[in-house]
Amino acid sequence: DVERLTAKLDVYLKEGDYEKVVNLYHQAFKQFPQEKQFFDRYFELIYLCKKNQLMQDFAPQYLQFTLQQKRYDRLTSLYKQILILVPELIPPQPEIRVELARLYKQQNDLKLAVKLLNGLHKTHPEFSGLPKAYQLLADCLELMPNMAAQADKARKLAQRLEGKLKE
């Protein structure tokens, strides 16, 4: 079934029938939700064709899939590719935002890590990982020049959130 669907995709792609290609990929995601090749190939297609709206719609799902597959090596480069087409995209899932921020901190891309964590308590007030997220934010800010005051604020917020969580 996977091979048959892949062959159909290739035919429609060669014919230039992109609407059918997109519809087939959506069918593939439903029929084969763990099939890595469909996710990867669809991402490459919309990236290479510079389909901003499709990227905006698909990116959160693809990031989630990549995280579930534990493909941490791919996650940061994938997100940077997404930002080329959709520069303001912040993943809607708090777990992905925190994981990306952790990975970017390891890569010393502190500005992007801070961007991902900033305002998380406002968009996801019920997220149980908020205290750790804001501790990570404080750690990132501490490593940036002239951000010691913001790092202290983030640490205090992490402590308050930890207290609320214990209640």
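Structural notes, computed from the coordinates. (Residues numbered from 1 in each chain as written. Predicted model: local features only at pLDDT ≥ 70, side-chain atom pairs only at ≥ 80, totals over all residues. Heavy atoms only, no water.)

1. Thoughts on helix H4 (residues 52-68)
Between the first and last C-alpha of H4 there are 24 Å, a value that for 17 residues agrees with the 24 Å anticipated at 1.5 Å per step. Along H4, the largest kink reaches about 40 degrees and is centred on Phe58; proline Pro60 follows within four residues of it. The complete set of buried residues in H4 reads Met55, Phe58, Ala59, Pro60, Tyr62, Leu63, Phe65, Thr66 and Leu67. Elements in contact with the buried residues of H4: helix H2 (18-31), helix H3 (36-48), helix H5 (72-85) and helix H6 (94-106). Looking at the residues trailing H4, positive phi occurs at Lys70, about 60 degrees. (Helix = DSSP H or I, 4+ residues; strand = E, 2+ residues; numbered from the N terminus. Expected span 1.5 Å × (residues − 1). Bend = angle between axes of the 7 residues up to and from the residue. Buried < 20%, exposed > 50% of the residue type's maximum accessible area, 1.4 Å probe, protein only. Contact = heavy atoms within 4.5 Å.)

2. Remarks on the pattern of salt bridges
Scanning the entire structure with this criterion turns up 10 salt bridges. With a closest N to O distance of 3.7 Å, Glu44 and Arg74 form a salt bridge. You can see Glu44 sitting in helix H3 and its partner Arg74 sitting in helix H5, a full 30 residues away along the chain. A salt bridge links Lys80 to Asp109; the nearest nitrogen and oxygen atoms lie 2.9 Å apart. (Salt bridge = Lys/Arg side-chain N within 4 Å of Asp/Glu carboxyl O.)

3. Observations concerning helix H7 (residues 110-117)
H7 sits mainly inside the fold: 6 of its 8 residues count as buried. Within H7 the residues assigned to the buried category are Leu110, Leu112, Ala113, Val114, Leu116 and Leu117. Taken together, the buried residues of H7 touch H5, H6, helix H8 (120-123) and helix H9 (130-142). Where H7 terminates, the next one or two residues include Gly119, which has phi positive at roughly 80 degrees.

4. Here's the deal with the packing of aromatic side chains
Evaluated as defined, the whole model comprises 14 aromatic pairs. An angle of 15 degrees between the planes, with centres 5.3 Å apart, marks the rings of Phe29 and Phe58 as stacked. Placement of the pair is Phe29 in helix H2 and Phe58 in helix H4, with a sequence separation of 29 residues. The buried category is assigned to Phe58, whose relative accessible area is 3%. (Phe/Tyr/Trp six-rings, centres within 6.5 Å; stacked < 30°, edge-to-face > 60°.)

5. Remarks on the packing of H2 against H3
H3 packs onto H2 with a crossing angle of 150 degrees between their chain directions and a minimal axis gap of 10 Å. When the interaxial angle is binned, H2 and H3 end up roughly antiparallel. The element H2 and its partner H3 pack so that their crossing is left-handed. Contacts from Val21, Val22, Tyr25, His26, Ala28 and Phe29 in H2 reach Phe38, Phe39, Arg41, Tyr42 and Leu45 in H3. When its residues are assigned to classes, the contact of H2 with H3 shows 9 nonpolar, 1 polar and 1 charged. (Axes fitted to C-alpha atoms, helices over the stretch in contact; angles between N-to-C directions. Parallel < 35°, antiparallel > 145°, perpendicular 65-115°, else oblique. Left-handed = near helix turned anticlockwise from the far one by under 90°. Nonpolar A, V, L, I, M, F, W, Y, C, P; charged D, E, K, R; others polar.)

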